[in-house]
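# Residue-level structure breakdown
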Number of protein chains: 2
Amino acid sequence: MKILVISSSLKQEHIDKISKTAKDHGAEVSFTKSEDMVPSDFEEPDIIYGFGMNIAKKNKNLKWLCVPSAGVDYLMKPGVFANDNCKLSNSSGSYGVTIAEHIIAVTLMMMRRLTSYYGSTLEGRWETTHWPQSSLKDSRITVLGTGDIGTSFARRARAFEPAKITGISRSGMSNDPSYDAVRKIDSLDEILPLTDLLVMSLPATLETDNILDRKRIFGMPEGSYVVNVGRGNAIDEDALCDALESGHLAGAALDVFKTEPLPSDSRLWKTKDLLITPHIAGNLTLDYTLDKNVDMFTSDLNNFLEGRSLKYEVDREKGY
Amino acid sequence: MKILVISSSLKQEHIDKISKTAKDHGAEVSFTKSEDMVPSDFEEPDIIYGFGMNIAKKNKNLKWLCVPSAGVDYLMKPGVFANDNCKLSNSSGSYGVTIAEHIIAVTLMMMRRLTSYYGSTLEGRWETTHWPQSSLKDSRITVLGTGDIGTSFARRARAFEPAKITGISRSGMSNDPSYDAVRKIDSLDEILPLTDLLVMSLPATLETDNILDRKRIFGMPEGSYVVNVGRGNAIDEDALCDALESGHLAGAALDVFKTEPLPSDSRLWKTKDLLITPHIAGNLTLDYTLDKNVDMFTSDLNNFLEGRSLKYEVDREKGY
C-alpha cells in the first residue's frame, strides 16, 4: 500500500504523525511539496493526501484521494478520476475557526467603515467624518449554510449580542445553541427581507447556483450587508454590484468569485462598498487549521487501512 | 434651574426624553448644536450636557457639567471651571459595545494580514501570498484596564476560544466571568512576557503616563500585538515604532496618540505593521451608544434635580 502526501505546508510533527500511522499498518509513504516532484516509485499510489489531480486523472490504481480543501466542486466533473470507484474525502471541518475570524473581521470593517478610516490613514490623512455605521449588536443575522464554517461564525457572533441569528440549511436542523432558529432553504425568501447581515458559506452545487439572485438581493432591507466565503457560483455578481452602486446594500465582502483570479476587467474591482479579498479566508497559515486538517486525514487513514468506512467521505450525490 | 444641552447628534427621541425629565422637575432646557450658538438667556446655565468648556471656564453659576466622552483628562487641569465646586460627570459606560467591536476588528485585520490582502485588492491586485498569520484562538490576551470598554471586549473575545484572558486593573478585581484572572497593575512586568495580544483602555492619568515603556514593549514576546483605544499618553510611541520596525512586535493598532491629530511629520505614519485610525473607535454614530449616553445623563439629571448624588460623577482624585 503506497501513500503519497503532496503539501508544502506540513511541519515535522505532521510528517511524523502521518508516517507513524502508515508504518503501524505496514504501508509506505512518500512526502513531496508538489505534484511535479513525485518520486518515480510513487507515481501510481493507492492513496493521495493533497492536490493530486493530475495523478488521479491517469492512475487507475488510486483508491482514495483526500484533499485539504473544504470545497470539492472542482472534483465533481467527469474525467477527474481514472478509477471510477476511487473514494474522495475532503477537509471540511478544519476551516471553521479561521474562516469565522475572517467573516467577523470583514463584517466589522464594513459596518464600522474601517475601509474608509483605514483607507484615509493609509494615505496619511486624519479623517474624522462621522460616516453612518452599523453594529453587530441588535442586528439580525442570517447564516446561509450551517456547516462547520457557518456555525463557527454563529458561535462568535453570539457574543456580540445580535438581535437574532437564523441558520438556513438543507435539513432545517442544527443542534447548535448559537442559532435562535434554523430553517429550511425554502424559507429564504421569507427571511432575507428580515436580514441585516447575510453570511454565505455554501458548497458549489447546481442547487446553490445564483441562489442569491437579483430579486433576493433587492428583497433584502436597505442598508444590509452580504458576506460570501463559500463559492462564487452562489451570487448574481452583476445584481450585487447594482445593489451596492445604488446604495441599496450598505456593503458586501466577497472572498470567492465566479471566476478566480478575478479578471482585471471585472466590474467588481470598481464597485463601491465592495470589500474584495483574494480567496484567502481559509488558507493554511494558521497552525490550528493545519493541525486539524492532518488530524482528520490520519484518523481516516486509520479507518481506511483497517477496512472501515471514511468519516470525511464526500457524498457525490449531494456534491459536498 | 437652566439646563443647556450642546450636541449635533441627538435625535428627536433623545430631545423628548431630556425635555420631559426637565419639565417634570420644573427646569428649563435649551438644545443647541454647538457652543457658538447658545441662546442669550442660556449663557449662564446651571447644568450643561455636552462639550461646554468655554462656558464652564467663565460661568460661576455652573453646578454640573456632564460630558458625552469617557475620557476626562482634558478637564482635570486648573482653570477649566470658573466654579471650583462644579460637579463633573462623564459617559464612561456607553462606549463599551462600539469600542469592543473596534478592538476585535483591528485585531483581526492585523492577525489575518487583511491590511495586506485588502491593501492589494484596493490596488486591483489578486495577491495570494501566504503571509504568516495569527488567530485569537489559543492566544493569550491581556486587557489593561478592565472598565466597561475592556470588559465588553473580553466578553466578545471569549467566544474566539483564546488560551487565556487576563484583566489588569488598579484594584486587581472584577466579577466578570470573561476574565480567567484579574491582577493588580503591579504584576504588569510579570504578565506582559506571557501576552500575545495586549489591549489597552486606560484613562490618561499621571499613573498611566508611558505605562507601556520601551522595556515593557521589548519584554513582550516576539510576534505579539498591541491595541490602544484608551489614551495616547500610555505608550512610548518611539519605542513602539522601533519594536514594529525591527519585527519584534507583529503589529500594533492605535486609535489614540500623544498628539492628535497625529502631526504630518510623525514617524508613526510611516511605521510598518502599524494600523492607524483617527480616534474614531468611540464615535457617536451607533444608535446604541447615543441611546445609552442619553440614558445615563437623564438618570443623573433625575438624581441631581431630586437632590441625590450623581451616579456617573468623576473622581477628581483618581482622574476618571
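Residues numbered from 1 in each chain as written. Chains lettered and ligands numbered in written order. Predicted model: local features only at pLDDT ≥ 70, side-chain atom pairs only at ≥ 80, totals over all residues. Heavy atoms only, no water.

### Observations regarding the domain arrangement of chain A
Residue and element names in this part refer to chain A. Taken as a whole, chain A is organised into domain 1 (2-94 + 286-305) and domain 2 (96-276). Each of domain 1 and domain 2 was reduced to a C-alpha centroid, and the two centroids are 33 Å apart. Contact with domain 1, which involves eight residues of that partner, is made by six residues of domain 2. For the pair domain 1 and domain 2, the summed buried surface comes to about 580 Å²; carbon and sulfur atoms form 57% of the total. By the criterion of area lost to domain 2, the three top residues of domain 1 are Asp73, Leu286 and Tyr288, representing 54% of everything that side buries. Seen at the junction of domain 1 and domain 2, the total is one salt bridge. Residues Asp73 and Arg231 are paired through a salt bridge, measuring 2.8 Å at the closest nitrogen-oxygen approach. (Domains from an automatic or database assignment. Contact = heavy atoms within 4.5 Å. Buried area = accessible area lost by both parts, 1.4 Å probe. Salt bridge = Lys/Arg side-chain N within 4 Å of Asp/Glu carboxyl O.)

### Remarks on the pairing of strand β2 (residues 28-32) of chain B
All names here are of chain B. By the bridge criterion, five bridges tie strand β1 (residues 2-6) to β2 in an arrangement that is parallel. Note that in β2 the partner of Lys2 across the bridge is Glu28. On the question of chirality, the crossover connecting β1 to the parallel β2 by way of helix α1 (residues 12-24) is right-handed. (Pairing = 2+ DSSP bridges. Helix = DSSP H or I, 4+ residues; strand = E, 2+ residues; numbered from the N terminus. Right-handed = clockwise from strand over helix to strand, strands pointing away.)

### Things to note about a negative patch on the surface
Judged by side-chain charge, Glu28(A), Asp41(A), Glu43(A) and Glu44(A) come together as a negatively charged surface patch. In this structure, Glu43(A) sits in the loop between β2 (28-32) and β3 (47-49). (Patch = residues over 30% accessible without salt bridge, like charges linked within 9 Å, V, L, I, M, F, W, Y side chains within 5 Å. Areas by Shrake-Rupley, 256 points an atom, 1.4 Å probe, with all protein chains shown as cover. Lys, Arg positive; Asp, Glu negative; His and termini not counted. Charge placed at Lys NZ, Arg CZ, Asp CG, Glu CD.)

### Concerning the sheet that holds strand β7 (residues 164-169) of chain A
Residues and elements named next belong to chain A. With parallel pairing, seven strands are arranged side by side in an open sheet as β8-β7-β6-β9-β10-β11-β12. This sheet does not close on itself; its edge strands, each paired only once, are β8 (181-184) and β12 (274-276). Taken over all neighbouring pairs, the strand axes of this sheet differ in orientation by 15° on average, direction set aside. Note: strand β9 (residues 197-200) against strand β10 (residues 224-228), four bridges, orientation parallel. (Axes fitted to C-alpha atoms, helices over the stretch in contact; angles between N-to-C directions.)

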